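Observations on the model geometry
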Amino acid sequence: MGGSGESVQHITSPSDFDSLLSSTRYVVADFYADWCGPCRMIAPFYSQMASNLSIPGFLAFAKVNVDSVGALAARYGVSAMPTFMFFKDGKQVAVNGNRIIQGADKVSLEQAVAKMARLAREKADAAANETA
């Protein structure tokens, strides 16, 4: 997968996010703000991971602007940007012991995403083998 086009899902409403959570086994969510310097610093890195690792139905990358979708930030208690959260089957989960990663922490984010990508790939491969 990957290639052309935007692989990051830009969330515009809580129902948008709920729909993504219900249609995709694993979701990485980036809660950010346009005025946030660290958010802008890590954005290209996040987009690159999304381009390389997204698997429709199994692994998605979401961006949630806390100023325009404040209800979601409130739902998940986001108080600092960027905040990265991880979801499996619609529920927030810890990855490598972290329920959230706050700040532009590339190393922790990359490790958590790599683990989710491995799990998503295993599930996608298993699903493909069931239908083969």
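Please refer to the structure higher up on the page.
Below is a short write-up of the structure. Every value quoted in this text rests on a predicted model; they were computed, and no experiment measured them.

Reading guide: rules and limits
Residues numbered from 1 in each chain as written. Predicted model: local features only at pLDDT ≥ 70, side-chain atom pairs only at ≥ 80, totals over all residues. Heavy atoms only, no water. Helix = DSSP H or I, 4+ residues; strand = E, 2+ residues; numbered from the N terminus. Rg over C-alpha atoms; globule rule 2.2 N^0.38 Å. Buried < 20%, exposed > 50% of the residue type's maximum accessible area, 1.4 Å probe, protein only. Contact = heavy atoms within 4.5 Å.

1. Considerations on the overall build of the protein chain
Assigned secondary structure in the protein chain consists of 4 helices and 6 strands. For the protein chain, the succession of helices and strands along the chain, N to C, is β-α-β-α-β-α-β-β-β-α. Here the C-alpha radius of gyration of the protein chain, 14 Å, is about what a compact globule of 132 residues would show, namely 14 Å. Projected onto the principal axes, the alpha-carbon positions of the protein chain cover approximately 50 × 35 × 30 Å. Taken over 132 residues, the protein chain has a buried fraction of 42%. Pairs at least 24 apart in sequence give 69% of the contacts found in the protein chain among residues at least 6 apart.

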